[in-house]
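A structural walkthrough
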Protein chains: 2
Amino acid sequence: MKVCIVGCGAVGSIFAAHLARLDGVELHAFDVWEEHVRAINQAGLRLSGVASFTIRLHATTNPADVPRCDYGIVATKSIHTRVAIAQAARIFDAQSAVCSVQNGVGNEEILAEHVRTVIRGTTFPAGHVIAPGQVGYDIAGDTWIGPFEPSATPMEKVRELADMLTRAGLNTIALEDARGAQWTKLIFNAATNPVGALTGLHHAAVTYFPPTAELVEALIREGEAVARAHGITLHGDPRDLVQKGARAPGRHKASMLQDVLARRPTEVDFMNGAIVEWGAKAGVATPLNKALWALMKALEDSWSNP
Amino acid sequence: MKVCIVGCGAVGSIFAAHLARLDGVELHAFDVWEEHVRAINQAGLRLSGVASFTIRLHATTNPADVPRCDYGIVATKSIHTRVAIAQAARIFDAQSAVCSVQNGVGNEEILAEHVRTVIRGTTFPAGHVIAPGQVGYDIAGDTWIGPFEPSATPMEKVRELADMLTRAGLNTIALEDARGAQWTKLIFNAATNPVGALTGLHHAAVTYFPPTAELVEALIREGEAVARAHGITLHGDPRDLVQKGARAPGRHKASMLQDVLARRPTEVDFMNGAIVEWGAKAGVATPLNKALWALMKALEDSWSNP
């Protein structure tokens, strides 16, 4: 079984390292960061934290170096999905299935413009890049995957991938409808990520500081109202994800705060922006998500407009 | 006529410098910043920008050095009003009148706990401290003053102070009811200051960047609803203050952004916090002001909780 990780950052590396250990899997990783790819090829990919090990695998900045794969796992930042899959599409054919494990909503739609069979996915494991070839695995957790509805992905493909990931040590649940899991994670992300990114507070501090705890709750309620209006039944309570993240050891900085500290464009369009857009479609007001979206866009703007 | 400036930062210095030039005014300035006081006493107070001049005046860190004054002008940050007037109260007696030209609402109530006669004031001029003894005068504008209702301040006191300030070059309008002017400035400040402080955008950028322009408008509407519920007729449109500030030359950073860059506690409790509090009293929902208040409190918290 050949698998290609598209986007080998923190989350992509957690998937790559686990799958590369599995007998019967030939793992390839595509990423545009040259130093990272070089370090992985020279010394292996080193994971530390929740699980700590170093594993050899084939990484490349050039999709032409990757053979046709049975599965793709896309783990780029949402803002890079379009460019990444345009380059990586050649790795997949009509029998392949490509699964997003990215944040936010809207990624599967982009993947489906380039590949035939798409799997909707949501993952909880989180980490951060320590150095080229080295990734901190900060938070463990489940992954939920299901068919992307418009591509009529067969459930056996979903189950095969879920089984493979679970055997690799990343517990994955195959669902007939994975939208609820994705929206639970989306609502969790949208309610906490920009709060940390705007204030510099790590996730536990956002959760326990009373004024932001109240704001997080209000943001969650807006997201829940939007999901409800679209007939999406959440898979679990976003509040449980908030608490789970806060209990994780260490002081994990949410990915959006990591982006802000590195002055990289964030995924806010795919998080709060998506909630606002889906809210507008259903006539549900989302003033707080819109406010946080506006503040994040302004913060990004300030880097080029000091 | 003896006048004491209580709090000789950017705005206090603009008032001090102008009043000190006026024949018949003996001007004293009280501030706790020793280097600033020493520089003023040694070389005079130097203003530059909208008006540029250097003027000698008596500054001190010790209110016991100041004789009894006819007028006080309080220009500390709102968070320092209580400590400042407790120290400075001895400068004033039953015939004196003490005027706040501070941001936000709630300062006059604190002054009235320590002095007999209080004047409600709101001022538009803005600046920034360049160095001890040197203040940049960034934005010109009017000042509006009126009786603080509970202290039954006579209008002749209000008019005498307004005339003095106007003659000194700071156009000041005496109003029977100055609450409308104060709320116009409050709503303007609460709608723009935290947006700049959270994003790093200077005032004009906050005004012209479409996502924040829309957020500013939504914040203004919440503030207007609260004022209306309390029977306060605004004196001018907060939107005009937004535009006026944006047209000012240079890239004036709003005072709250200056505070954030210096990691000083901000005035958000007296701005968005006050709108939330007054909204709650009148049963008016203010979710956006509350969100921005929470984010600012969290940002302040992050400095001691990294």
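Residues numbered from 1 in each chain as written. Chains lettered and ligands numbered in written order. Predicted model: local features only at pLDDT ≥ 70, side-chain atom pairs only at ≥ 80, totals over all residues. Heavy atoms only, no water.

Examining the domain arrangement of chain A
Residue and element names in this part refer to chain A. Stated formally: For the purposes of this description, domain bounds are those given by an automatic or database domain assignment. In what follows, a contact means two residues having at least one pair of non-hydrogen atoms within 4.5 Å. Throughout, buried area stands for the accessible area (probe radius 1.4 Å) lost by two parts on being put together, summed over both. What makes a salt bridge here is a side-chain nitrogen of Lys or Arg within 4 Å of a carboxyl oxygen of Asp or Glu, nothing more. Under the rule applied, a polar contact is a pair of N or O atoms within 3.5 Å (in protein, one hydrogen donor and one hydrogen acceptor; residues adjacent in sequence only if both atoms are side-chain atoms). Secondary structure elements follow DSSP: runs of H or I of four or more residues count as helices, runs of E of two or more count as strands, with numbering from the N terminus.
Taken domain by domain, chain A consists of domain 1 (2–174) and domain 2 (179–304). At the interface, 25 residues of domain 1 touch 24 residues of domain 2. When domain 1 packs against domain 2, close to 2100 Å² is buried across both sides, 60% of that on carbon and sulfur atoms. The three residues of domain 1 that bury the most area against domain 2 are Asn-103, Val-105 and Phe-124, which together make up 31% of that side's buried surface. On the surface where domain 1 and domain 2 come into contact, there are one salt bridge. A salt bridge links Asp-259 to Lys-77; the shortest N-O distance between them is 3.2 Å. Counting the contacts that link domain 1 with domain 2 gives 13 residue pairs in polar contact (both at pLDDT 80 or more). Looking at the side of domain 1 that touches domain 2, the elements that each hand over two or more residues are α4 (107–112), β8 (118–123), β9 (126–131) and β10 (134–139). When residues in the side of domain 1 that touches domain 2 are grouped by element, the largest group, four residues, is from β8.

With respect to the packing of helix α6 (residues 179–199) of chain B against helix α11 (residues 272–282) of chain B
All names here are of chain B. Short version of the rule: Comment: axis = line fitted to C-alpha atoms, over the contacting stretch for helices; angle = value between 0 and 180 degrees taken between N-to-C directions. Oblique is the label for every angle not falling under 35 degrees (roughly parallel), over 145 degrees (roughly antiparallel), or within 65 to 115 degrees (roughly perpendicular). For this classification, the nonpolar set comprises Ala, Val, Leu, Ile, Met, Phe, Trp, Tyr, Cys and Pro, the charged set comprises Asp, Glu, Lys and Arg, and every other residue, Gly included, is treated as polar.
In the contact formed by α6 and α11, the axes pass within 9 Å of each other and the chain directions differ by 120 degrees. In terms of orientation, α6 and α11 fall into the oblique class. Across from Trp-183, Leu-186, Ile-187, Ala-190 and Pro-194 in α6, the residues of α11 making contact are Asn-272, Ile-275 and Trp-278. Of the residues assigned to the contact of α6 with α11, the class counts are seven nonpolar, one polar and no charged.

As for the sheet that holds strand β3 (residues 45–49) of chain B
Residues and elements named next belong to chain B. Worth spelling out the cut-off: Any two strands are treated as partners once DSSP identifies two or more bridges connecting them.
The strand order across the open sheet formed by four strands is β4-β3-β10-β9, and the pairing between neighbours is mixed. On the outer flanks of this sheet lie β4 (53–55) and β9 (126–131), each paired with one strand and no other. Averaged over all pairs of adjacent strands, the angle between their axes in this sheet comes to 25 degrees, without regard to strand direction. Direction of pairing for β3 relative to β4: antiparallel, over a ladder of three bridges. Across the sheet, the residue bridging to Leu-45 is Ile-55, located in β4. Together, β3, β4, β9 and β10 (134–139) form the strand contacts of helix α1 (residues 10–20), whose direction differs from that of β3 by roughly 105 degrees.

Things to note about the packing of α11(B) against helix α12 (residues 287–303) of chain B
Residue and element names in this part refer to chain B. Note the following rule: Note on convention: near helix rotated counterclockwise from far helix by under a right angle means a left-handed crossing. Clockwise means right-handed.
At a minimum axis separation of 8 Å, α11 and α12 run at an interaxial angle of 140 degrees. Comparing the axis directions of α11 and α12 gives the class oblique. Considering how the two elements wind past one another, α11 and α12 form a crossing that is left-handed. Contact residues: α11 offers Asn-272, Gly-273, Ile-275 and Val-276, while α12 offers Asn-289, Lys-290, Leu-292 and Trp-293.

Some remarks on the confidence of the model for chain A
Definition in use: In predicted models, pLDDT denotes the confidence assigned by the predictor to each residue on a 0 to 100 scale.
Across chain A, the average pLDDT comes to 96, with 99% of residues at or above 70. For this predicted complex, the interface score ipTM comes out at 0.87, alongside a pTM of 0.89.

Quick look at the relation of the copies chain B and chain A
Mapping one chain copy onto the other needs a rotation about an axis and a shift along that axis. This is how the line gets drawn: When the copies are superposed, the least-squares fit draws on C-alpha atoms of residues that have pLDDT of at least 70 in both.
By a simple turn and slide, chain B fits onto chain A: the slide is 0.0 Å along the axis, the RMSD is 0.0 Å, and the turn is 179 degrees. What the rotation and shift describe, once combined, is the action of a two-fold rotation axis. The overlap is high: 100% of the interface residues of chain B also sit at the interface in chain A, so the same surface is used on both sides.

Describing the pattern of salt bridges
It is possible for side chains of opposite charge to pair when their charged atoms get near one another. Per the stated rule, a full pass over the model turns up 32 salt bridges over all chains. Its salt-bridge partner being B:Asp70, residue B:Arg68 comes within 2.6 Å of it at the nearest N-O pair. Put simply, A:Glu217, A:Arg221, A:Glu224, A:Asp237 and A:Arg239 are held in one network by salt bridges that share partners.

Thoughts on the interface of chain B and chain A
In this complex, chain B contributes 28 residues to the contact, which on the side of chain A involves 28 residues. Interface of chain B and chain A: buried area, both sides summed, is about 2200 Å²; carbon and sulfur atoms make up 70% of it. Among the residues of chain B in contact with chain A, B:Thr199, B:Phe209 and B:Leu295 are the three that bury the most area, contributing 21% of the side total. Along the contact surface separating chain B from chain A lie two salt bridges. Residue assignment for the side of chain B that touches chain A shows that the elements contributing at least two residues are α6, α8 (210–229) and α12 of chain B. The leading source of residues in the side of chain B that touches chain A is α12(B), at 13 residues. Grouping the constituent residues of the side of chain B that touches chain A by class yields 17 nonpolar, six polar and five charged.

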